[in-house]
Amino acid sequence: MKNKIIYLVIAAITSLSGYSQTKVKESRGNKNYDQYAYVDAIKTYERLYEKGYKSPDMLLKIGNSYYFNADLEKASKWYDELYTTNPEQEAEFYYRFSQSLRATKNYSKADEMMNKFNAKSGNDARAQLFDKNRNYLAEIKKNSGRYKIENAGINSKYSDYGPSFMDKKVVFSSARDTGNFSKRIHTWTGEYFTNLYSADLAEDGSLGEVQKFGNKLNSKYHEATPVFSKDGKTVYFTRNNYLDKRGYDASKVTLLKIYKATVDEKGKWINVTPLPFNGDSYQTAHPALSPDGKTMYFASDMPGTFGKSDIYKVTINEDGSFGTPVNLGKTINTEGRETYPFVNNKNELFFSSDAHPGLGGLDIFATQIPEDGIFKKIVNIGEEANSSKDDFAYIINSETRRGFLSSNRDGGDGNDDIYKFLETRELFIEQAIFGIVTDAASKEVLPNTKITLLDEKFNKIAETTTDEKGYYEFLKLEPGTKYYLRTEKTEYDTKEVPVITGKEEGKTEVNIEIEKTVKPVQVGDDLAKAFGIKLIYFDLDKSNIRPDAEIELAKILDVMEQYPSMKIDVRSHTDCRQTAKYNMALSDRRAKSTMAWLVSKGIDKSRLTGKGYGESRLVNDCGCEPTNVSNCTEEQHQANRRSEFIITAL
C-alpha cells in the first residue's frame, strides 16, 4: 500500500475518456503518471509496449510506476531494459534501479548501480552511507536470526498494515471491502481506501476476529497508522486532508495529515481535529509516542526535510498544545525516505528507510534515543524482520518481546500484510565498565579521582569521579568495543588503561592502581618498586647492560643525583632454573655490572654496595631443586627474576 511511502501524494481522481490513437493513449498514460494514478499508467504503457511502441521515457515511466507502487521486482525488469539500451541516466535512476535489484536479491549488480549513483550524485547522503558501509550485508547477517515470524492471521487479499497496540487490542489499517454501498477505488493502487480495524490480542501474540474500529475515526478516504495514549483516551492517526469536506493543496492534491481524537464517557471517539503543525503544502503522517507520552515522532516532507520524507519529533505540552517540530538530523534522515517511526519502552527508535543500506525496498532500522539528542549508531535489524521487499510499521512490546510488522514480501495474502513475531535475542545489548581506583603502594582506595572514558581514537565519551569507596562506572557502552580509561588525581601520575568490553550483556571490571608523583622513601625502601622496575634485562648468559636496561637504570641514577647522600645496595636475583651455583655466580656478575654502570655515570662507588643472590631468595618457591625442572608459569619465574635497589642511607 503506497500510503507507506508518504512523500507520494494522493491525487484527485480524474475521469479519462478513451482514445484510439497511440499518441493519445501515451498522452493519457503520461497524464495518469503525473497525477500518481499509477495503476492506470502501468496498464496504458504496457498495452503500448505490447503493440511495439516504446521509448526510453516510456520505459522509465513504467519502471517508476512499479517502483512507486512498491512492485520492485517488476520495476527492476523495466529499469534493466532501459539500462541495457540507454546506460547513461540521471543519478536518481541508478539509485532506484539499485533498490529494485535488491528486491530480486541481485546484490552485486545493485552495488554496481550504487557505485554509479555515488559517482553522479556528489554529496548525496545515500551515496555516502553506501560508501561507508560496503560490508552492510555482513552487518545485516550479524543482526539476523533474532525473530520468529509468521502471518498474523488477520490479513485480507488487499493491503493490511500499520498495526498499533491499544490495551489488549491491535488496531491496524486495511483496504479490505468496507461494506459500503459505494465502494471508493483509489486510482493510485486500484484498491479501496483504507480504514481502521481492530482484533483482540492474546498473550501468545495471536489475534482474534477482525472488527471495524472507531466509526467516527473512519471516513470515506484513507485512515491509517493510529497511536494511542497509555490511558487509551486519546488517539493520533493519519488521514487524508478531510474533516467535513476534502481539502486540497494549490495543485489540487489531497495531502496526508495527522489528526487527534478523544473518547467520551460512552467510549465513542469525538473531537476529531488536525494537529497544528500540519500544513497545506506538505504532508505529515505515521505518529508515534515516546514511553512517557510527552514526545511525538512522525514522518513528514515539511520544509527543512533532507529527502523524500524525514522523521521529526515534537513536544506535547501538559495542556495538550504542541511545540515546534524538530528534524532528527542527518544521522537518521537522508535524501531518501525515512518513515514509520515507533518508540518502545526502552527508548529505542525503530523506523523504515530505503536509503540506509538494506536488503531492498524499505528496511526496518533501529537506534537508541540519546539523552543529549545526538543520534549515533543506526542498525539494520536483520532478517527475518527485513526482506528484499518493503518492511515497515514495526511495533514491539518490550516486556513480552512480541510484536508486529508490515511487509509486502512473497508468500503473503495481499499487497501488504501484517506479520507477528517473537524476538528471541535483543538487538541492543549493553556493557558497562566499573572498578575501584587505589594507591599502587598503600592499596588504599582513592575517592574523588577523575576518570575519563575515551574511544579507540582517544575521543572523549564520558567523565566521572570515584565515590567515597573509590568506585566508578560507565554505563550503556557498546559490547566487544575497545575503550581507554584515563585516571587523573592531584599528586598522582596520570594513567591510561585500555579495555575491551565483553561481547555479551554485562559488566567489565577494571580496577586501577595509580602511583604518586612524589614518592616518599626511607631507609630500607626499594627504589625499583617506587619506579615499577621489575627487572634489569640482560642477554642470555650475559652480564653487560643492554640499551633497554639503561632506561630503567637512568631512573635510579636521577634519584641518586638528586640526593647526594643516598646510598644503595644493588641486589640481583634469578629464577630457580639452572643450578644454584650457576645462578649465584650469574646474579653476582649482573649486580656488579649494574654498579659499574652507575659509577660510569658519575656515582661515587662508596655510595654503592651490591651482591647477587641467585635463587636463594625466591618470592615464588617453584621447587626446581634438585632437577631444575619446574611447573611454575613464566609469570611466576619472572617474579623471581628481579632487581632491587635498597636504600641503605639517606
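Residues numbered from 1 in each chain as written. Predicted model: local features only at pLDDT ≥ 70, side-chain atom pairs only at ≥ 80, totals over all residues. Heavy atoms only, no water.

## Here we look at the overall build of the chain
Spelled out, the test is: A run of DSSP states H or I qualifies as a helix once it reaches four residues; a run of E qualifies as a strand once it reaches two. Both are numbered from the N-terminal end. When a residue's accessible area, from a 1.4 Å probe over protein chains only, is under 20% of the maximum for its type it is buried; when over 50% it is exposed; and in between it is partly exposed. Note on contacts: a residue pair qualifies if any of its non-hydrogen atoms lie within 4.5 Å across the two residues. Each accessible area is a Shrake-Rupley estimate made with a 1.4 Å probe; only the visible protein chains count as cover when residues are assessed.
In terms of helices and strands, the chain carries 12 helices and 33 strands. Across the 650 residues of the chain, 52% fall into the buried class. Here the analysis covers contacts within the chain between residues at least 6 apart in sequence; of these, 57% occur between residues at least 24 apart. As presented, the chain carries roughly 31,000 Å² of accessible surface, and 48% of it is formed by carbon and sulfur atoms.

## What to know about the pattern of salt bridges
The following threshold applies: For this document, the term salt bridge refers to a Lys or Arg side-chain nitrogen within 4 Å of an Asp or Glu carboxyl oxygen.
Per the stated rule, a full pass over the model turns up 28 salt bridges. Taking the shortest distance from any N to any O, the salt bridge between Asp280 and Lys257 comes out at 2.6 Å. Here Asp280 is found in the loop between strand E11 (269-274) and strand E12 (284-289), whereas its partner Lys257 is found in strand E10 (residues 256-263), with 23 residues between them in sequence. Among the salt bridges present, the one from Lys443 reaches Glu513, with a minimum N-O distance of 2.9 Å. Of this pair, Lys443 sits in the loop between strand E23 (431-439) and strand E24 (450-455) while Glu513 sits in strand E30 (residues 512-514), and the two are 70 residues apart along the sequence.

## Brief notes about the packing of helix H3 (residues 56-68) against helix H4 (residues 72-85)
So the rule is basically this: In this description, a line fitted to the C-alpha atoms serves as the axis of each element, helices being fitted only across the stretch in contact, and the angle between N-to-C directions of two axes falls anywhere from 0 to 180 degrees. Here is the rule for angles: anything less than 35 degrees is roughly parallel, anything more than 145 is roughly antiparallel, 65 through 115 is roughly perpendicular, and the remaining ranges are oblique. Here a crossing is called left-handed whenever its near helix is offset anticlockwise from the far helix by less than a right angle, and right-handed whenever the offset is clockwise. Three classes are used: nonpolar for Ala, Val, Leu, Ile, Met, Phe, Trp, Tyr, Cys and Pro, charged for Asp, Glu, Lys and Arg, and polar for all others, with Gly counted as polar.
The interhelical angle for the contact between H3 and H4, taken along N-to-C directions, is 160°, at an axis separation of 7 Å. In terms of their interaxial angle, H3 and H4 are classed as roughly antiparallel. Crossing hand, H3 versus H4: left-handed. Mapping the contact onto sequence places Pro56, Leu59, Leu60, Ile62, Gly63, Asn64, Tyr66 and Tyr67 in H3 and Leu72, Lys74, Ala75, Trp78, Tyr79, Glu81 and Leu82 in H4. Split into classes, the residues belonging to the contact of H3 with H4 amount to 11 nonpolar, 2 polar and 2 charged.

## Details of the sheet that holds strand E7 (residues 223-228)
Here is the rule: In short, DSSP must find at least two bridges between two strands for them to pair.
With respect to topology, 4 strands assemble into an open sheet ordered E7-E8-E10-E11, the strand pairing being antiparallel. Two strands in the sheet have a free side with no partner beyond their single neighbour: E7 and E11. With direction set aside, neighbouring strand axes in the sheet form an average angle of 25°.

## Remarks on helix H5 (residues 91-103)
Put simply, the rule is: In this scheme, a helix's expected span is set at 1.5 Å multiplied by one less than its residue total.
If you check H5, its first and last C-alpha atoms are 19 Å apart, about what 13 residues at 1.5 Å a residue would give, namely 18 Å. Counting buried residues along H5, 12 of its 13 residues qualify, which places the element largely inside the surrounding structure. Within the span of H5, buried status applies to Ala91, Phe93, Tyr94, Tyr95, Arg96, Phe97, Ser98, Gln99, Ser100, Leu101, Arg102 and Ala103. Where H5 ends, the next residue or the one after it, Lys105, has phi of about 65°, a positive value.

## Some thoughts on the sheet that holds strand E21 (residues 402-407)
Pairing within the open sheet is antiparallel, and its 4 strands lie in the order E2-E22-E21-E20. Each edge of the open sheet carries a strand with a single partner, namely strand E2 (147-151) and strand E20 (391-397). Taken over all neighbouring pairs, the strand axes of this sheet differ in orientation by 25° on average, direction set aside. Summarising the sheet, E20 and E21 pair through 5 bridges and their orientation is antiparallel. The residue of E21 that forms the bridge with Ile395 is Phe404.

## Focus: the packing of H4 against H5
Each pair of packed helices gets described by two things: the angle between the helix axes and the distance between those axes. With their axes 8 Å apart at the nearest point, H4 and H5 run at an angle of 130° to one another. Comparing their axes, H5 and H4 come out oblique. Classified by chirality, the crossing of H5 by H4 is left-handed. Contact residues: Leu72, Glu73, Ala75, Ser76, Tyr79, Asp80, Leu82 and Tyr83 in H4; Phe93, Tyr94, Arg96, Phe97, Gln99, Ser100, Leu101 and Ala103 in H5. Here the contact of H4 with H5 is composed, by residue class, of 10 nonpolar, 3 polar and 3 charged.

## Comments concerning the nonpolar core
Quick reminder of the rule: Buried residues of nine kinds, namely Ala, Val, Leu, Ile, Met, Phe, Trp, Tyr and Cys, make up a nonpolar core once their side-chain atoms join them within 4.5 Å.
Membership of the largest hydrophobic core comes to 33 residues, with the highest contact counts inside it found for Tyr67, Phe93, Phe97 and Phe117. For this core, the elements supplying multiple residues, two or more each, are helix H2 (38-50), H3, H4, H5, helix H6 (107-121), helix H7 (125-132) and helix H8 (136-142). When residues of this core are assigned to their parent elements, the largest contribution, 7 residues, is made by H5. Those residues in contact with Phe97 that lie beyond four places of it in its chain are Ser76, Tyr79, Asp80, Tyr83, Lys109 and Met113. Membership of the second largest hydrophobic core comes to 25 residues, among which are Ala385, Ile395, Phe404 and Leu427.

## A short note on the pairing of E23
Burial within E23 is extensive, with 8 of its 9 residues counted as buried. Bridging between E23 and strand E26 (residues 471-477) involves 5 bridges; their strand directions are antiparallel. Counted as the bridge partner of Phe434 is Glu473 from E26. Bridge count between E23 and strand E29 (residues 506-509): 4 bridges; the pairing is parallel.

## Notes on the packing of aromatic side chains
Keep this limit in mind: Geometry of aromatic contacts follows a simple scheme: Phe, Tyr and Trp rings, the Trp one being its six-membered ring, pair when their centres are within 6.5 Å, and the pair is stacked under 30 degrees between planes, edge-to-face over 60, tilted otherwise.
As enumerated under the stated definition, the model contains 30 aromatic pairs in all. Between the aromatic rings of Tyr147 and Tyr394, the centroid separation amounts to 6.2 Å while the plane-to-plane angle is 85°, which identifies the pairing as edge-to-face. Here Tyr394 lies in strand E20 and Tyr147 lies in strand E2, a separation of 247 residues in the sequence. For Tyr147, a relative accessible area of 5% translates into the label buried.

## A look at unusual backbone geometry
With an omega dihedral of 0°, the bond running from Glu383 to Glu384 counts as a cis peptide bond. Among the secondary structure elements, Glu384 is positioned in the loop between strand E19 (379-380) and E20. Its identity is not glycine, yet His286 carries a phi of approximately 55°, on the positive side. As for its position among the elements, His286 is in strand E12.

## Details of the confidence of the model for the chain
We count it as follows: Residue-level confidence of the predictor is summarised by pLDDT, bounded by 0 at the bottom and 100 at the top.
With 84% of its residues at a pLDDT of at least 70, the chain reaches an overall mean of 83. Taken together, the stretch residues 1-38 has pLDDT below 50 and engages in 122 contacts with residues farther than four places along the chain or on a different chain. Note on residues 179-188: pLDDT under 50 across the span, and 33 contacts to partners over four residues away in sequence or across chains.

## Section: the environment of Arg134
Tracing the sequence through the fold places Arg134 in the loop between H7 and H8. The class of Arg134 is partly exposed, set by a relative accessible area of 43%. A sequence separation of 223 residues divides Arg134 from Pro357, and the C-alpha atoms of the two residues are 8.6 Å apart. If sequence neighbours within four positions are ignored, Arg134 has contacts with Asn115 and Asn118.

## Some remarks on a nonpolar patch on the surface
Selection rule: Patch definition: residues with relative accessible area over 30% and no salt bridge; like charges joined within 9 Å; nonpolar side chains (Val, Leu, Ile, Met, Phe, Trp, Tyr) joined within 5 Å.
Together, Val521, Val523 and Leu650 line one region of the surface with nonpolar side chains, adding up to about 240 Å² of accessible area. Here Val523 shows up in the loop between E30 and helix H9 (527-530).

## Digging into the environment of Ala462
Inspection of the secondary structure puts Ala462 in strand E25 (residues 460-465). According to the relative accessible area criterion, Ala462 is partly exposed, its value standing at 27%. Sequence separation between Ala462 and Thr452 is 10 residues, and the spatial gap between their C-alpha atoms is 6.0 Å.

## Concerning helix H10 (residues 547-562)
Selection criterion: Axes are fitted to the seven residues ending at a residue and to the seven starting at it; the angle between these axes is taken as the bend at that residue.
Compared with an ideal rise of 1.5 Å per residue, which puts 16 residues at 22 Å, H10 spans 23 Å between its outermost C-alpha atoms and is within 8% of the ideal. Leu553 marks where H10 bends most, by close to 30°. Those residues of H10 that fall on the buried side of the exposure criterion are Ala549, Leu553, Ile556, Leu557, Val559 and Met560. Turning to H10, the residues buried within the fold contact H9, strand E31 (567-573), helix H11 (580-600), strand E32 (608-614) and strand E33 (643-649).

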